[in-house]
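# Observations on the model geometry
One letter stands for each residue in the lines below.
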Amino acid sequence: MNMKAFIFDLDGVIVFTDKFHYQAWKKMADGMGIYFDEKINNRLRGVSRAESLEIILERYEGEPLSAERKAELMEEKNNTYRKLLSTMTPADVTDEVRNTLKELHERGCKLAIGSSSKNAKFILEKVELLDAFDAISDGNNITHSKPDPEVFSKAGEFLGEKPDNCIVVEDAYAGIDAAKAAGMTAVGIGDASGYDKADVKIQTFSELLKLAE
Ligand code: B16
Ligand code: MG
């Protein structure tokens, strides 16, 4: 295989911020008297903020909420989440991830981020990885979230690469579906390493080097 472009999901692949998502949503849910646990939190992996709120509201027993109220709740959650994110440092990215990205670049591969998050750049700044990527496609440049292919199609465009030359690295099932819908090769890691639709399944990040030999 001679692939030249890698598109990385952020949360669950490069960094692990699901604990912060959990704490922030939990605070909001507790304030509303809504039951929320780690299992429900797992359903939020790779899903947009608005869709995450809808999943949490499945357990809400009060009167239907207005669009304005939902926007307020999302803002409240995001403020808590960003406070937690601001505690992140370069130590929150493993040496394995950092060195593999560097090596891929040195081998001539183009690297991009393809994340649903509107906080992607903020996170990359905190962990000092902004310069490691040639392009960033995130929640700010899309109108449809995963499993829609938009975030990855845009990442491919930003890199100037055709879909069949792009390898997407994802931890979420919805992300693997999105990569396949974009016509790209899908690599499953973490949760998605157990997903049969992934073209390649890896256990550790450095295994990616085998795809760039
Ligand atoms: P935000 P990814 C996703 O990031 C998270 O996995 C998901 O839990 C979150 O709801 C989504 O970003 C939106 O994040 O509220 O920061 O815009 O896995 O696509 O990098
Ligand atoms: Mg993810």
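The structure reproduced in this document is the subject of the present report. (Residues numbered from 1 in each chain as written. Chains lettered and ligands numbered in written order. Predicted model: local features only at pLDDT ≥ 70, side-chain atom pairs only at ≥ 80, totals over all residues. Heavy atoms only, no water.)

This paragraph deals with the coordination of the magnesium ion (ligand 2). Each angle at a metal carrying four tetrahedral donors should ideally be 109.5 degrees, and each at a metal carrying six octahedral donors should ideally be 90 or 180 degrees. Taken together, the protein ligands of the magnesium ion (ligand 2) are D9 (OD), D11 (O) and D171 (OD), with distances of 2.0 to 2.2 Å. Here the donor residues of the magnesium ion (ligand 2) are spaced in sequence according to D-x1-D-x159-D. Highlighted residues: D11 in the loop between strand 1 (5–8) and helix 1 (18–32) and D171 in the loop between strand 4 (166–170) and helix 8 (173–181), separated in sequence by 160 residues. On the accessibility criterion, D11 (21% relative accessible area) is partly exposed. Looking at D171, the relative accessible area reads 3%, which means it is buried. (Donors = N, O, S within 2.8 Å, 3.2 Å for Na, K, Ca; no water. Helix = DSSP H or I, 4+ residues; strand = E, 2+ residues; numbered from the N terminus. Buried < 20%, exposed > 50% of the residue type's maximum accessible area, 1.4 Å probe, protein only.)

Here we take up the sheet that holds strand 2 (residues 110–114). Two modes of strand pairing occur in sheets, parallel and antiparallel, and in both the strands are linked by backbone hydrogen bonds. Ordered in space as 3-2-1-4-5-6, the six strands form an open sheet in which the pairing is parallel. Of all strands in the sheet, those with a lone pairing partner are strand 3 (135–137) and strand 6 (200–201), marking the two edges. Direction of pairing for strand 5 (residues 185–188) relative to strand 6: parallel, over a ladder of two bridges. Counted as the bridge partner of V187 is V200 from strand 6. (Pairing = 2+ DSSP bridges.)

Right, let's talk about the pattern of salt bridges for a bit. One pass over the full model with this rule turns up 15 salt bridges. D30 is the salt-bridge partner of K26, the closest N and O atoms lying 3.3 Å from each other. Here D30 and K26 lie together in helix 1, a separation of four residues that amounts to about one turn. A salt bridge links K154 to E150; the nearest nitrogen and oxygen atoms lie 2.9 Å apart. Here K154 and its partner E150 are both found in helix 7 (residues 150–159), four residues apart, which amounts to about one turn of the helix. (Salt bridge = Lys/Arg side-chain N within 4 Å of Asp/Glu carboxyl O.)

All right, on to the side chain of S52 then. For S52, the location among the structural elements is in helix 3 (residues 49–57). Sequence-distant contacts of S52, defined by excluding residues within four places in its chain, comprise W25, L44 and V47. (Contact = heavy atoms within 4.5 Å.)

A few words now on empty space enclosed by the protein. Per the counting criterion, the structure on display carries one cavity of 30 Å³ or more. Put simply, the largest cavity is a space of about 30 Å³. As for the largest cavity, its lining consists of D11, G12, F16, D18, R45 and D171. Broken down by class, the residue content of the lining of the largest cavity amounts to one nonpolar, one polar and four charged. (1 Å grid on protein atoms, 1.4 Å probe; cavity = no way out; pocket = protein on both sides within 12 Å on 5 of 7 lines; lining within 4 Å. Points joined across faces, edges and corners; volume = space filled by probe spheres on them. Nonpolar A, V, L, I, M, F, W, Y, C, P; charged D, E, K, R; others polar.)

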